[in-house]
Amino acid sequence: EPSSGAPVVQDKVRQGLDALQRAAAMVAQLELFSENEELEEVASADLKYLLLPALLGALTLKQVDLSRRLEHLESARAQFWRFLKLCRSYGLGSFHLPPASPPGEEDAGSPSPGGPAAAQASLVAMASSRQAKIERYKQKKELENRLASMRTFVESGQADEDQIREFYILQIQKWINTSLEEIESIDQEMVILRSRGTAKQPSAPPHGTSRQVRTPLKPFVLTRDAAQAKVFGAGYPGLPTMTVDDWYEQRRRQGVVSSQSVPQRTPGIADEELQKQQQEKKEEEDDEEALQKARNWDDWKDTHPRGYGNRQNVG
């Protein structure tokens, strides 16, 4: 099929999972396998049923429902680990059994050790893991070649019991390598999915209250009083003007500031300031010396144009 997400493929995956689950239930009911018995005690015809957990894990990973991806990964990992544990009890292959749960869950509460010793141990672990991967790859290629040469002979019914037994043991050993690789890949993907889920969780607002959506403010000219607003509102760029009192009133209606926080402006303040300015201007006009100085300055400007005497900015 062109894609594993095609409906036809997903239908086959579901059918395969149902069949494998029924077979696993019957194997458990018949108690075909036990951790207390040896491999020689298992009948050759029953060896293939050891593969049921591994096949269940492989088909579980084939499901493409992204909303349940983490659930599928956990289920597949449990199936692969169960298969490896059963193989380990029967002495099938020499491998290190991974932990029953992903490393992230076990080490979540403990701080990560640091220092040169920890870094050295990490490098040693990486080197040994790389060597183990190389060995598994070589074993996998060798097993595939041996299985390919035996498959036709066994499926045609010409093989005897010993050859059939060897064929299924090789299949189990091949799936041991596959299960180890899948568990390692699942652990890495689960770390990514969990970190992505944590990043997507919205941070809770303080005291459990949701933030109110504030409407953006349009540009305006803030003036001291209504008289100043009329002056500023008549010129370029023609922005709307608003006094301080009007601005506070608008913000109070939007719920941004409370009525208690609005400063109480005493009526008549602007008029008092205007009267004070007029009084100062009147006193200035009554001062003969200041008046004469202003007249001399006006006379000088009449005979000397703007920029007169400035030779530093020629042109």
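Please read these numbers as outputs of a predicted model, since none were measured by experiment.

Enquirer: What's the story with the overall build of the protein chain in this structure? I'm lost.
Expert: Assigned secondary structure in the protein chain consists of ten helices and two strands. Counting helices and strands in the order they occur from the N terminus, the protein chain gives α-α-α-α-α-α-β-α-β-α-α-α. Put simply, the protein chain has 315 residues, and 23% of those count as buried. Counting only contacts in the protein chain whose residues sit at least 6 apart along the sequence, the fraction spanning at least 24 positions is 59%.

Enquirer: When you look at unusual backbone geometry in this model, what are you seeing that I'm missing?
Expert: Negative phi is the rule for most residues except glycine; trans is the rule for most peptide bonds. Here the phi dihedral of Glu-31 falls at roughly 55°; this positive angle occurs in a residue that is not glycine. Relative to the helices and strands, Glu-31 is located in the loop between helix H1 (7–30) and helix H2 (52–61). Assessed through its relative accessible area of 67%, Glu-31 is described here as exposed.

Enquirer: Teacher, can you tell me more about the packing of aromatic side chains here?
Expert: Within the structure shown, the criterion is met by three aromatic pairs. Ring centres of Phe-167 and Tyr-168 lie 5.5 Å apart, and the angle between their planes is 65°; on these two criteria the pair is classed as edge-to-face. By relative accessible area, Phe-167 is classed as buried at 4%. Seen from their ring centres, Trp-297 and Trp-300 are 5.5 Å apart, and the 10° between their planes marks the pair as stacked. With Trp-297 and Trp-300 both in helix H10 (residues 288–303), this residue pair falls three residues apart, about one helical turn. With a relative accessible area of 49%, Trp-297 lands in the partly exposed category. A cation sits over an aromatic face here: Arg-88 above Phe-95, 5.9 Å from the ring centre.

Enquirer: What am I meant to see in the nonpolar core here?
Expert: Across soluble globular proteins, nonpolar side chains have a tendency to be buried as a group. Residues Leu-50, Phe-83, Tyr-90, Leu-92, Ile-172 and Ile-176 are the most contacted members of the largest nonpolar core, which totals 45 residues. Looking at this core, the elements that each hand over two or more residues are H1, H2, helix H3 (69–89), helix H5 (116–155) and helix H6 (161–200). The biggest single contributor to this core is H6, with eleven residues. Look past the residues within four positions of Phe-83 in its chain and what remains in contact with it is Leu-50, Leu-51, Pro-53, Ala-54, Ile-172, Trp-175, Ile-176 and Ser-179.

Enquirer: For this particular structure, what's the right way to read H2?
Expert: Given 3.6 residues to a turn, an α-helix orients residues that are three or four positions apart in the same direction. Counting buried residues along H2, seven of its ten residues qualify, which places the element largely inside the surrounding structure. Taken as a whole, H2 has its buried residues at Leu-52, Pro-53, Ala-54, Leu-56, Gly-57, Thr-60 and Leu-61.

Enquirer: What is the right way to look at the side chain of Arg-69 in this model?
Expert: Along the polypeptide, Arg-69 turns up in helix H3. Within the structure, the side chain of Arg-69 is placed 3.4 Å from the backbone oxygen of Leu-61, a separation counted as a polar contact. The residues contacting Arg-69, other than those within four sequence positions of it, are Leu-61, Gln-63, Glu-189 and Leu-193.

Enquirer: When you look at the packing of H2 against H3 in this model, what are you seeing that I'm missing?
Expert: In contact at an axis separation of 7 Å, H2 and H3 are set at 165° when each is read in the N-to-C sense. It follows that H2 is roughly antiparallel to H3 by the angle criterion. Classified by chirality, the crossing of H3 by H2 is left-handed. Contacts between H2 and H3 involve Pro-53, Ala-54, Leu-56, Gly-57, Ala-58, Thr-60 and Leu-61 from the former and Arg-69, His-72, Leu-73, Ser-75, Ala-76, Gln-79, Phe-80, Arg-82 and Phe-83 from the latter.

Enquirer: Whenever I open this one, the side chain of Ser-44 confuses me. Can you help?
Expert: Mapped onto the secondary structure, Ser-44 falls in the loop between H1 and H2. Polar side-chain contacts of Ser-44 include one of 3.4 Å to the side chain of Glu-161. Within the structure, the side chain of Ser-44 is placed 3.1 Å from the side chain of Arg-165, a separation counted as a polar contact. Ignoring any residue separated from it by four or fewer positions in sequence, one finds Ser-44 in contact with Glu-161, Arg-165 and Tyr-168.

Enquirer: I would appreciate a short explanation of the packing of H1 against H2 in the present structure.
Expert: Each pair of packed helices gets described by two things: the angle between the helix axes and the distance between those axes. Look at H1 against H2: their axes get within 10 Å of each other, and the N-to-C directions meet at 155°. Put simply, H1 runs roughly antiparallel to H2. Crossing of H1 against H2: the hand is left-handed. Side by side, H1 and H2 meet where Val-13, Gly-16, Leu-17, Leu-20, Gln-21, Ala-23, Ala-24 and Val-27 of the first sit next to Leu-52, Leu-55, Leu-56, Leu-59 and Thr-60 of the second.

Criteria and thresholds
Residues numbered from 1 in each chain as written. Predicted model: local features only at pLDDT ≥ 70, side-chain atom pairs only at ≥ 80, totals over all residues. Heavy atoms only, no water. Helix = DSSP H or I, 4+ residues; strand = E, 2+ residues; numbered from the N terminus. Buried < 20%, exposed > 50% of the residue type's maximum accessible area, 1.4 Å probe, protein only. Contact = heavy atoms within 4.5 Å. Phe/Tyr/Trp six-rings, centres within 6.5 Å; stacked < 30°, edge-to-face > 60°. Lys NZ or Arg CZ within 6 Å of the ring centre and 35° of its normal. Core = buried A, V, L, I, M, F, W, Y, C linked by side-chain atoms within 4.5 Å. Polar contact = N/O pair within 3.5 Å; in protein donor to acceptor, adjacent residues only side chain to side chain. Axes fitted to C-alpha atoms, helices over the stretch in contact; angles between N-to-C directions. Parallel < 35°, antiparallel > 145°, perpendicular 65-115°, else oblique. Left-handed = near helix turned anticlockwise from the far one by under 90°.

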